[in-house]
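Below, each chain spelled out in residue letters.
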Amino acid sequence: MTQTIQVAVPGPFAEPLDYLAPTNEPLPQPGMRVQVPLGRRQLVGMVVETQAQTHIESHRLKSIITTLDSEPLIDADLLALIIWSAHYYHHPIGEALISALPARLRQGHAATPSAETLWQLSAHAQASDLDALRRRAPRQAMLLEHLMQSQTLTAAQLAGLGGDARAALQKLVAKGFATTQQQHHYGLMAGRASEPAFALNDAQHTSAAAIQPGHGHAILLIDGVTGSGKTEVYLDAITRAIQQGVQTLVIVPEIGLTPQLLSRFQRRLAAQIAVLHSGLSDSERLNAWLAARAGKADVLIGTRSAIFVPLARPGLIIVDEEHDASLKQQDGFRYSARDLAILRAHRLEVPIALGSATPSLETLANARSQRYQHHQLSERAGQAQAPLMRLLDMRGQPTHEGLSAPLIERVQSHLDADGQVLLFLNRRGFSPTLICHECGWLAECQRCDARMTYHRGKRRLHCHHCDREQPIPRDCPSCGSVDLRPLGLGTERIEQALQSRFADTPLVRIDRDSTRQRGSFERQMQAAQRGEAKLLLGTQMLAKGHHLPTVTLVGVIDADQGLFGADFRAPERLAQLIIQVAGRAGRAERPGEVAIQTHHPEHPLLQMLIHGGYPAFAQAALAEREAAGLPPARAMALIRAEATDAAAPRRFLQAAQALAPETPAVERLGPYPAPMERRAGRYRAQIMLQSDQRAALQTLLKQWLPRIHSLRESRRVRWSVDVDPTETL
Ligand code: ADP
Ligand code: ZN
Ligand code: ZN
C-alpha cells in the first residue's frame, strides 16, 4: 500500500483520482490546485486528501506535475461542503469542485487580484536632472515634474495625460528617475453609510433582533409582503455583522442584483462590498472571489454560485427571494443555492435568513415543522397600504387585442388621476404563433414540439425553446394562402394595442427583447421609476423585485396560462408571480389596485389568492402536495435522457430500470416521454423517483448510478440526474 494524493479532476469521475506527490516540491495540501496528467492531457485539479491509502501499485500511478498554489484556496470546511454537494446531487466531484472556482482559477491562473502599475519618483532623481531633460526631452521633463510634485502616478492619471506619456515614463524608468510597482486592487465598492437607518417597526424589530451574526446557527424565514421592509431587516443585521467584524454573504436571484440594490447597500453600510454575477468579466469575478476569501470584503452580494465563495470571517448568510427559480442550477451541477446556503450556515454555525414575500412551499413546510423560525411581516412599512385585488371576468367580454373593456377603463381612470400603470404579461414577442386563416396551419418549430413565436419587431419567427429563428413565410407552407394571422398575445402586441388606445401616453416595454442592448434595462427602469413613462408593460423582468413607487394600478393580462401548466409547480409559480407583480402597486403613499384578467374567475387558486393572499394559497397548495405525495411531502429525483434517435432515450432508461436495486422505500415511475418530448432536435424521456425518506432515495441512487454508467446504451444518449428538481419538464 502506498500513500497517495487524491485529486479531484474535471471529467466524468464520481470520486477523486490517485496521484503520487510531485517530486522536488513540498507536499500539496487539500484545497490547493495542482497540475496533473490525465491521458495525454494536463489538467488543473484540486487536492482533496493527502493521507489516503490506495491499492493501486505505485508504479502504475502518475505524479502530480506541479502545485499551483502556495496555500489552500478553499478551507477544509468549504471543501467538505462542495464534496458533500457533489455526492448529494450525484455530480462528478472534480466538475463540482472546479466549477465552484472562478474561470481564471479553473484555467490555472495565479490566485492574485488585478494589479495596476504605479509609478513612483525614484530617490535618485534630482532637480538638476529636470533641467537637463527640459532641453533634450520636454515630454519626459513634464512627467518628471509631475512625479516630483505628486510622488506617484497611476495608470488612470497617465491616461489622462494623453499622447505618448507611457513611453516617456518608461524612458524615465530606464534612466533610473522613476520606479514601477504593482498595486493590487480587488475592485471593491466602498459603502459610505451616508443615509441613516429607519427606526424599525415592531415586526421588523422582532425579526431583526432574532438574527444574531456570529452567535450560532439559526434558520429564519423572513416572510414579509412586498414593501414590508425585509431589506431593512437585512441591513440592520448586516450593520451589526460589520460592527462585529464578521462577513455577510447575500445570495440574490439573477434578476435581483440591480444597481438600485447596490446603491442602497452603499448608502446604508460603512463597508467594503464585493459583487459577483454573470455580467462581470473573468478578472472582476476573480477579484470579488479573492476579496471575500481574504476578508477584504465585508459583504459579498452574489447570484447562485456565490454560495461556493470562501469567506475568511463568515458571520451571516442571507438568501433574498428564496423562492426564486434561478437559485437552482438547471444544467450540469444541479445544485440549489438556497439549500446549500442552509447547509453552509449550519456547518459554519452562523445564522441564515431566507427572505420572500412568497416563500417556496418547501420553506413554508420547514417553518411549519419548526425547523425554521417563522417571522411574518404582514404589513407594509411606512405609509404604504396593501393593494386591493380583484378578478376581471373575461368570459363573453369584448376585447381589444386582449384588453377587456373593464381593464381599459381602469387604466384610463388611473392615468386620468395622474397614476402610473403596470401591465404584466409573461410572454414576449408579438404572438405565441402564426396561424393560416385558410387551412389552420400553425408555425411550428422543426426541432421542438412547440410553436414558434412571431416577433414583429425583428420580423422573424423565433423558437423560445431552442433559439431557432427563421424569416416569416410570405404564404402558408401548407395551402399557399397569404392570410397568415398572429394567434395569441405577446408583449409586442399589447404594446401596439396600448399605443393605439392611449396614443399620447408615454410607454416603456421591458422584456428580454427590449433590453438586449447593454444598459438599456437600467435606462428603461429609470424612466419607469422616475414616473416619466406612465404605462409600463413587461414580463417577469419588470415584475420582480423592483421598487416602482408611483405605480397605482397593476394589470395582469392573462392569469390563465399558468393555471393549467404541465409542471406540478405551475400553480405555485403563478401565485408567486401574481403576488410579486401585485406588490409593485402602491408602494409609496398612494394606495394600489390590482386587476387580474381571467376566463376562470371561479378557479380555487385565484379565489384563494384574492381573498386570503399568498398564505391562504400556500396552505391549500401544501395540503394538495401532501395528498398527491409530491414535494415537499416526499423527496424527488429525476433521471433524464435525450438523443436524436427517438427510441434511444426510452431504450436506455428501460435498461436502467432493469438494473435498479429493489427497495420498497422508493417509488420509480417511467420511463415516460418528457412533457415536451422533442426539444432542439432531441427526443427526451425520464424516470421519476419519489420517496418518503430522502436517505433511502440517496442510497438507491448511489448503488444504481454506477450500474447505469456501465450500460452500453448510456453512451448513445445524454443523461443526467436531478435531485430535488424544481422543474419536471
Ligand atoms: P421589501 O424588501 O420587503 O420589499 P423594503 O425594505 O424595500 O421592503 O422597504 C419598502 C419601503 O419601505 C422602502 O422604501 C423602505 O425605505 C421603506 N421602509 C422600510 N422600513 C421602514 C421603516 N421602518 N420606516 C419607514 N419606512 C420604511
Ligand atoms: Zn425549437
Ligand atoms: Zn394554409
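The structure under discussion appears in the preceding block.
Residue positions are given per chain, counting from 1 as you read along its sequence in written order. Labels are handed out in written order, letters beginning with A for the chains and numbers beginning with 1 for the ligands. Owing to the predicted nature of the model, reporting of local features is limited to residues with pLDDT of at least 70; listing and counting of side-chain atom pairs is limited to 80 or more, with chain, interface and lining totals taken over all residues. As a rule here, side-chain values cover all heavy atoms of the structure and leave hydrogens and water aside.

*Asks:* Where do I start with the pairing of strand β31 (residues 666-679) in this structure?
*Replies:* The side chains of a regular strand alternate, first on one face of the sheet and then on the other. Paired strands, in this sense, are two strands between which DSSP finds at least two bridges. Helix numbering and strand numbering both begin at the N terminus, where a helix is a DSSP run of H or I of at least 4 residues and a strand a DSSP run of E of at least 2. Bridging between β31 and strand β32 (residues 682-691) involves eight bridges; their strand directions are antiparallel. Along β32, the bridge assignment pairs L669 with M688. What sits between β31 and β32 in their antiparallel hairpin is a turn of two residues, with A680 showing a positive phi close to 50 degrees.

*Asks:* What should I look at first to understand the coordination of the zinc ion (ligand 2) in this one?
*Replies:* The textbook angles at a metal center are 109.5 degrees for a tetrahedron of four donors and 90 or 180 degrees for an octahedron of six. Coordinating N, O and S atoms are those within 2.8 Å of the metal (3.2 Å for Na, K and Ca), and as water is not part of the atoms, a site may appear to have fewer donors than expected. Distances from the zinc ion (ligand 2) to its protein donors, namely C445 (SG), C448 (SG), C463 (SG) and C466 (SG), fall within the range 2.2 to 2.4 Å. The sequence pattern formed by the donor residues of the zinc ion (ligand 2) is C-x2-C-x14-C-x2-C. Here the residue C448 occupies a position in the loop between β21 (433-436) and β22 (453-455), and C463 occupies one in the loop between β23 (460-462) and β24 (469-471), the gap between them amounting to 15 residues. Each member of the pair, C448 as well as C463, carries the same accessibility label: buried. Buried means the residue's accessible area, taken with a 1.4 Å probe over protein chains only, is under 20% of the maximum for its type, while exposed means over 50%, and partly exposed covers the values in between.

*Asks:* Looking at this structure, I do not really get unusual backbone geometry. What am I missing?
*Replies:* Most of the time, phi is negative for any residue but glycine, and the peptide bond is trans. Along the chain, P631 connects to P632 via a cis peptide bond; the corresponding omega equals 5 degrees. By secondary structure assignment, the location of P632 is in the loop between α19 (604-628) and β30 (635-643). Here the phi dihedral of E401 falls at roughly 45 degrees; this positive angle occurs in a residue that is not glycine. The topology assignment puts E401 in the loop between β18 (399-400) and β19 (403-404). Under the relative-accessibility criterion, E401 is labelled partly exposed at 28%. The phi dihedral of D418 is positive, around 60 degrees, even though this residue is not glycine. On the secondary structure map, D418 appears in the loop between α14 (405-416) and β20 (420-424). Note on D418: relative accessible area 47%, which makes it partly exposed.

*Asks:* It is not clear to me how the site of ligand 1 should be interpreted in this structure. Could you clarify?
*Replies:* Taken together, 17 residues form the shell around ligand 1, and within it Q204, G227, K230, T231 and R264 come nearest. The contact in question runs from an oxygen atom of ligand 1 to an N or O atom on the backbone of G227, over 3.0 Å. Separating an oxygen atom of ligand 1 from a backbone N or O atom of K230 is a distance of 2.8 Å. Bound to the protein, ligand 1 loses 81% of the 560 Å² it would expose on its own. With three residues, helix α9 (residues 230-243) is the single largest residue contributor to the shell around ligand 1. Here the shell around ligand 1 is composed, by residue class, of five nonpolar, eight polar and four charged. Residue proximity to a molecule or strand is established when one non-hydrogen atom of the residue lies within 4 Å of it. In protein, a polar contact requires one atom able to donate a hydrogen and another able to accept it; more generally it is a pair of N or O atoms within 3.5 Å, and residues adjacent in sequence count only if both atoms are side-chain atoms. Note on areas: Shrake-Rupley, 1.4 Å probe, and residue coverage restricted to the protein chains presented here. Residues were grouped as follows: Ala, Val, Leu, Ile, Met, Phe, Trp, Tyr, Cys and Pro as nonpolar; Asp, Glu, Lys and Arg as charged; and all remaining residues, including Gly, as polar.

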